[in-house]
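Examination of the molecular architecture
Chain by chain, the residues:
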Amino acid sequence: MDISRNWLAQYVAIDCDIPTLCDKLTMAGIEVEAVESAGTVPAGVVVGRILERKPHPDSDHMSVCRVDVGQGEPIQIVCGAPNCDAGNVVPVATIGTVFHTPEGDFKIKKSKLRGVESMGMMCSEKELGLSDNHEGLMILDSSLKLGTPVETLFPGDTRIEVEVTPNRPDWLSMWGVARDVSCLLDTPAKLPEITVPECDIPAPGLVTVEAPDLCRRYIGRVIRNVKVGPSPKWLVERLESIGLRSINNVVDVTNFVLMELGQPLHAFDLDKLEGKRVVARRAKPGEEITTLDGKTLTLQERHLVIADAVKPMALAGVMGGEYSGVTEATTDVLLESAVFFPSNIRATSRELGISSDSSYRYERGVDYDMASLASDRAVQLILATAGGELASEKVDVNSGRPAEKVIPCRFDRIRSLIGAEVSNERIADIFRKLHLKVDDVTSGGCTVTAPLFRLDLEREADLAEEVARINGLDRIPEIPVAAKMCGSIREDAYQALQTLRDRVIDLGFYECMHYSMVNVNSALADRRFRREDLIELKNPLSLELAVLRPGLLGEMLGTIERNISRRNLNLRLFEVGKVFCGNAELFPEERFELCMALSGLRQPERYSAELKEEYDFYDLKGALESLFELANVKRYKFVAADDARFRPGRAAEVWIEGKKAGHFGELAADLTRGWRTSYPVFAAQLDVEVIVNADHGRSYYVPFSLFPATSRDVAFVADEKLEHGAILEFIRRSKPADLESVRLFDIFVDDKLKAEHKKSMAYQLTFRNAERTLTDAEVNSRFEKLREKLAKELKVELR
Amino acid sequence: MNTIIEKINQALAEAGAKAAAAADAAAVEQIRIDYLGRNGLFPALSKEMGSVPPEERKDTGRAFNTGRNKVQELIDAATARLASADGGSGEAIDLSLPGRRWKTGRKHPITMLADECVAIFRRMGFIVAEGPEIEDIFHNFDALNTPQDHPSRDPQDTFYFNDGRILRTQTSPVQIRVMESHEPPVRIVAPGRVFRRDTPDATHGMNFHQIEGLYIDKGVSMADLKSILQTFATEMYGPKVKIRLRPHFFPFTEPSVEYDFSCIMCGGKGCPVCKHSGWIEIAGAGMVDPAVLKNVGYDPEVWSGYAFGMGIERLAMLRYRIPDLRLLYENDVRFLEQF
C-alpha cells in the first residue's frame, strides 16, 4: 500500500524527517519497501531573472540568454523554450544540480550547445516534476528574491510504499497507519470532524440482505441531485499522491474514503437500479454480470452479488457492474457501505481472477464500526464536492455488532515470552496508546478489550507481540546461548549423506544440483522406469515439468550435454539427491540416489602422450572401488549386465553385501546422440541407502609384517575368455602359504595369439611371513607348486 | 706428534685433493675403498693403535676418529656435488611445465552452506531432523495453524498430487513430525528441499532449500531467539555482522519477526546489495504459536519455544556473490569449480 506523507499528516503531527519515520514504521511492522519523493524540486534549482535574450547564431529555435541567479555575474544559458523572454523570472538549474528521473540520474554540467557555452538549464514545470506542463518555462512570481532555492517554494510530498502483513488489515488506510504512528511518535491522532445533515426520510425496502451469512452489514443511503463532474484540486491531488487516477467527484470521494478510513464504498446510479433498491443475495446459477472492466462473468450460488430488483449490479465487495456506476449523467446516488465476510470475498476474487482495492480489504477483514463512520464521511464529502442533498435515512441492515474480544493478560507471562524487562505500567500504557481498552489492572495483570479494527488480537501471545513491537525488538537483550542436549531425538541419515558426498568429492568429482521436477522424456531416459512408474504433479508449472524425477540420470544427461555444447569436455560430475517412484514394487516412494558421470581427458593440463589419455570404463570402476574402500565396504562385486542405459558389453551391476546397489557403464549411443564430443561418457547410478548401510566407516588395526617380502613372476598364455577374476579366485582358493598379494602386471596379445584366441598374462606373486624371513627354497617350492597347478587346472601354457 | 697422527694428516690432505678432483661416482668410490674400505688406510691404522704409548693414546684415538669422519664427509660432499652436477637423475626440469594435477572435487555451494549451517547449529546443541518431501496437508498447513483459505494453500502457489498430498512448501512440517513423536524439550534443525510454484528467475526457483530451527523448552523467550540468530550471524559472516529483528506475521508463530543481517558487503553503510538500507533481509522467525503447540499435544502454559527458518540459496548467493539463482542449477563446470 502507498502512503502519502502529507495525507498522513492530516491525522497525526509528523515531527520527524522521512528516514526516521520510515525506520519507525519498519520497526513497528509496517515494512517500508520504497520511498519516492514526488514533486520534490532538486537542490540547486534557484530563482533567476532573464536579463537578455539573443538568437542563437547557429540555430533557429534556440536562444542565448543572460540570467541573473542572485549571486555573482549573470550566467549565459542556451535555451530552446519559446518563452525565455527578458524580464521573466524562472527556475534555473545551476551547474551540479542532479535530477532523479526514472531513467536514472541526470546532472547539469557546463556544456556547449551548437558551439555556444551554456552554464545551466532553465526549467519547465514538468522538468521539476511539478506538473505535466512542458509547453514552456515555468514562470515564477517576479517579486521573488533571486537565488532563492525553488525547493523551498514547492515543498513536495513523499510517497511511502509499505508492505502490510495479512494480519493487519487496519493498516490499509491512512487513518489506520496514523493510529500506529501516533503511538510510535507519542502524539495524538485525530480524525477530521465528520458532520452529516439530519435526514430521516424513510426508505423502506431500499436495502435487503438475503444472504446474512455472507453480508454482515449493509448501510445504504440516497443522495439526490448531485452534479457529477471533475473533482476539486485537493481531491485530485490526494488521490494522485498515492497513484490513483481521478474519475469524477462522486467516485473520487468513495476512493478517497476507502484510502482514508479503509472502508470500501460503492456509489450506484439510483436511476439505473430496477425498483430503486438493492438486494445483497447469492447469485442465481448461470446469472451473468458485466463488470466495470468490461468482462462478462457467469455466476453461481456461491457468489455474493448486489442486485437490484431484477439482476446483479455488482459483484459484492469485488467490483461494480458496468451499467450501474456513477457517470456524468447521474443525478441520484445510492451509497453503499457494507461489511462482507472475508473468506467468501477471497474465494470469489481468486476464482474469478478479479481483485480490487475493495476486495483486497474485504478479504482481510474490515472494521464493523468503521462502515457507519465511512458512510457519514462519504456523504459529507459528496455533498461538499458534488452538491445535492441527503434524501434518505441511514438504512443499516445488519446481523448485529460482533462482540469485542476480552483478553486476559498476565504481565509476567508477557515478559517471559519476550525476554525483556518491561514494567507493568509500560505494558498497560502500550495497550492504551494502541487504542485498546485496558481494565482490571492489578499487580499481576489486566484485561484488554480489542476494538473491532484489531481482529488479529485474540490471545495473550498476540498481546505479547504488541508489547514486543512497540517497546522495540531492539530492546530485547542478547543473552548467552545455552546449548542444550535434548537427547530424546536421534539424528538420522543426514550425517551419513554428508559423509557420502564428502567421499565422492574426495575422489575428484564436482557436485551438481538439479530440480526435482522434470519432463517425461528426461525421466524416462532412465530406462528402469515406465510412464506409469512416474509420480505426476496435478498442477505442474508447465507440461514440460510435470513429473518428479525417478532417478538422477535424466537431468545429469542434460547437464553433460549443456557442458559439452559449451566446450567443457572434461567432466567428473555427481549428484546426491532425492528421487521419487510411484511403483512400490520397484522402489520406495522417496529415496536418495547417487549419480556419477565421467568423460573427457584424464590429464588435460599435460602434454604429449599424457594429454591423449581419455577416461575409460576402468576409471569409473576405479572410482567406485575407491569409494567403497573409503567407506570400508566389506563385500562388493561387479557383474556384467545388460542394461538399456548403457552400451552392450560396457555395463555392470554393482552388488554390495548381497544387495543390488545399482549400475554403471558407458552410456548407450542413443542417449548421447548429437553430443559434440568424441569422448565416451560413463555414468553410474547407485542406491544411497545400500552404500550407507554398508559404510562401516571405521576399521580395526591389523598388524603388518616387518620381515622382507620375496616376489616371483609367472607368465602364461591363456584362452582369451579366461578372466582375470577367475585367475585371482583360483590362486586365492589354492591358498599358497604366506602369499601376500597377487598383482597383474601385463596382458599382451599379438597377431599370432589373436589368431589362436589366446592372450599372454603375467602376474607377480609376493610372499611374506609375519614372523620371520622366508628362505628362497621355501618360496621357490610354493611358487613352483602353484605354477604346476595353474598349468594343470586352468589349462594355461606357462612361459 | 707420533707417526700415526702424521699419517692421518697426510691422508686427509691427499683425500681432500682426490675428492675435489673426482669426476665421477667411481672415483669417489675409489676414495672410500682406499681410506675406509676393508683394506684401506684407516682399518690398517686401527691395527697399529696398540703400539702407541699409553700417554699418547688419547690424542691419537681422537685424531683417528676425527680423521675417519672427515674422510667420510669429503666422500659425501663429493657425491652430493656430482649428483647436483648431473641434475639429480635423468632429464633436466623445466619448472614452467605444468605439474600433473591431482584430482580435486568440489562441493556445490548449496551443500556447502547447508553443511555450514548444520555445523553451526550442531555446535549450539541442535540435532538434525528430516522429513518427507511429499507431504500431507495436515503437516504442511493445518498443524501449522495456516487458515483454511490461506493463499499459500492455493494451487497457484503449491504443487499438488492427485491423491491430495503436496510437495512440502517449507521445512516446517518437520517441526510437527518431530513434536508429534517426541516429548519436549526439543531442539532440532531441519535442512531440506522445499517447493513453490514459482517460475524460475534470478531469485526464484521451483524448488529451493531451507534450514529451519525449533527449540521448545520451559521458559524460552524472544531473547533466546535473538541470541541464537546473532550467534549464527557471527559464526556465518563474522563478528562484525549485526542482526535486526522486525515485527512480521506468520500463522505459526506469535510474536513473529523477520530478521536482517547488517549488510555483509558494505558493513551497513549502504550499497546496491542492501539497496542502500544497510540491512539484508534473511528470513522469518518467532515464538511458536500456542495453537501449534496445542496441535501437537504440548501444553502452551508449560512449554514455549522459538522457530526460525532461512533460505540456503540466499545465504549462498550472499556468501559467494552469485547474482542469479539459476546458475546454481545449471551446473556449468566453470561455475562449479569456483567454489
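Residues numbered from 1 in each chain as written. Chains lettered and ligands numbered in written order. Predicted model: local features only at pLDDT ≥ 70, side-chain atom pairs only at ≥ 80, totals over all residues.

**A word on the overall build of chain A**
Each helix and strand counted, chain A has 20 helices and 40 strands in total. The C-alpha radius of gyration of chain A comes to 42 Å, more than 25% above the 28 Å expected for a compact globule of 799 residues. Residues classed as buried in chain A amount to 40% of the 799 residues present. For chain A, contacts bridging at least 24 residues in sequence account for 69% of all contacts bridging at least 6. (Helix = DSSP H or I, 4+ residues; strand = E, 2+ residues; numbered from the N terminus. Rg over C-alpha atoms; globule rule 2.2 N^0.38 Å. Buried ≥ 20, exposed ≤ 12 C-beta atoms within 10 Å, placed from the backbone. Contact = placed C-beta atoms within 7 Å.)

**Some details on the UniProt feature "binding site: Mg(2+)" (unreviewed entry) in chain A**
The UniProt record annotates "binding site: Mg(2+)" (unreviewed entry) at Asp 456, Asp 462, Glu 465 and Glu 466 of chain A. Excluding residues within four positions of it along the chain, Asp 462 of chain A makes contact with Asp 456 and Leu 457 of chain A together with Glu 254 of chain B. Locating Glu 465 of chain A in the fold gives a position in helix 11 (residues 460-471). When residues no more than four places from it in sequence are discounted, the contact partners of Glu 465 of chain A are Pro 247, Glu 254 and Pro 255 of chain B. (UniProt positions renumbered as here; feature names shortened; annotations may be inferred.)

**Some remarks on the pairing of strand 35 (residues 659-667) of chain A**
Every regular strand shows the same layout, with side chains that alternate between the two sheet faces. Residue and element names in this part refer to chain A. Along strand 35, 7 of the 9 residues are buried, which leaves the element largely enclosed by surrounding structure. Count of turn residues in the strand 34 (residues 646-656)/strand 35 antiparallel hairpin: 2 residues, of which Glu 657 carries a positive phi of about 45°. Looking at chain direction, strand 35 and strand 36 (residues 681-687) are connected through 5 bridges and run antiparallel. Note on strand 36: the bridge partner recorded for Glu 666 is Phe 682. (Pairing = 2+ DSSP bridges.)

**Examining the environment of Ala 267 of chain A**
Residue and element names in this part refer to chain A. With respect to the helices and strands, the residue Ala 267 is situated in strand 15 (residues 265-269). For Ala 267, a count of 25 C-beta atoms within 10 Å gives the class buried. On a C-alpha basis, the gap between Ala 267 and Val 12 in space is 29 Å, while along the polypeptide they are 255 residues apart. When sequence neighbours within four positions are dropped, the list of residues in contact with Ala 267 reads Val 250, Val 251, Thr 254, Val 326, Val 333 and Leu 335.

**Let's talk about the domain arrangement of chain A**
Quite often, the size of an interface is put as the accessible area lost when its parts meet. Domain assignment breaks chain A into domain 1 (2-39 + 158-185), domain 2 (45-155), domain 3 (207-398), domain 4 (412-475), domain 5 (494-693) and domain 6 (710-798). Measuring from the centre of the C-alpha atoms in domain 1 of chain A to the corresponding centre in domain 5 of chain A gives 55 Å. (Domains from an automatic or database assignment.)

**What about the nonpolar core?**
Formed by 238 residues in total, the largest nonpolar core has its most connected members in Met 596, Ala 597 and Ala 683 of chain A. Counting 27 residues, the second largest nonpolar core, distinct from the first, contains Val 64, Ile 75, Leu 128 and Val 150 of chain A. (Core = buried A, V, L, I, M, F, W, Y, C linked by C-beta atoms within 7 Å.)

**Notes on the sheet that holds strand 25 (residues 405-410) of chain A**
Residue and element names in this part refer to chain A. The strand order across the open sheet formed by 3 strands is 25-27-26, and the pairing between neighbours is antiparallel. If you trace the sheet from one side to the other, it starts and ends with strand 25 and strand 26 (437-439), each paired once. Looking at each pair of strands side by side, their axes are set apart by 30° on average, direction ignored. Here 3 bridges tie strand 26 to strand 27 (residues 445-450), and the two strands are oriented antiparallel to one another. (Axes fitted to C-alpha atoms, helices over the stretch in contact; angles between N-to-C directions.)

**Thoughts on the sheet that holds strand 40 (residues 797-798) of chain A**
All names here are of chain A. Spatially, 4 strands are ordered 38-39-37-40 in an open sheet, and the strand pairing comes out antiparallel. Of all the strands in the sheet, just strand 38 (739-748) and strand 40 have a single pairing partner and so form its edges. Sheet topology note: the strand 37 (residues 710-719)/strand 39 (residues 758-767) ladder contains 10 bridges and is antiparallel. Residue pairing across strands places Arg 712 opposite Leu 765, the latter belonging to strand 39.

**Remarks on the pairing of strand 37 of chain A**
In this sheet, strand 40 of chain A lies alongside strand 37 of chain A in antiparallel orientation, the contact comprising 2 bridges. Residue Phe 716 of chain A lies in a different strand from strand 40 of chain A, and its bridge partner there is Leu 798 of chain A.

**Quick look at the UniProt feature "binding site: Mg(2+)" (unreviewed entry) in chain B**
Look at the UniProt record and you will see "binding site: Mg(2+)" (unreviewed entry) annotated at Glu 254 of chain B. For Glu 254 of chain B, the location among the structural elements is in strand 7 (residues 253-262).

**Thoughts on the UniProt feature "domain: B5" (unreviewed entry) in chain A**
According to UniProt, the positions carrying the feature "domain: B5" (unreviewed entry) are residues 402-478 of chain A. For residues 402-478 of chain A, the end-to-end C-alpha separation is 41 Å, with 39% helix and 19% strand making up the annotated structure.

**What about the interface of chain A and chain B?**
Across the contact, 74 residues belong to chain A and 70 residues belong to chain B. Among the secondary structure elements, those contributing two or more residues to the side of chain A that touches chain B are helix 2 (18-27), helix 6 (342-352), helix 9 (411-418), helix 11, helix 12 (494-506), strand 28 (510-511), helix 14 (553-565) and strand 31 (571-580) of chain A. In terms of residue class, the side of chain A that touches chain B is made up of 35 nonpolar, 17 polar and 22 charged. (Nonpolar A, V, L, I, M, F, W, Y, C, P; charged D, E, K, R; others polar.)

**A word on helix 12 of chain A**
Every α-helical turn comprises 3.6 residues, leaving residues that sit three or four positions apart pointing alike. Taking 1.5 Å per residue as the helical rise, helix 12 of chain A with its 13 residues ought to reach 18 Å, and the 18 Å between its terminal C-alpha atoms agrees with that figure. Within the span of helix 12 of chain A, buried status applies to Leu 500, Arg 501 and Val 504 of chain A. Along the long axis of helix 12 of chain A, the arc covered by the buried residues comes to 100°, so they all point the same way. The inward-facing, buried residues of helix 12 of chain A contact strand 28, strand 31, strand 32 (590-599), helix 16 (617-630) and helix 17 (688-693) of chain A together with helix 5 (109-123) of chain B. After helix 12 of chain A finishes, the residue Gly 508 of chain A shows a positive phi value of roughly 105°. (Expected span 1.5 Å × (residues − 1). Arc of directions from axis to C-beta.)

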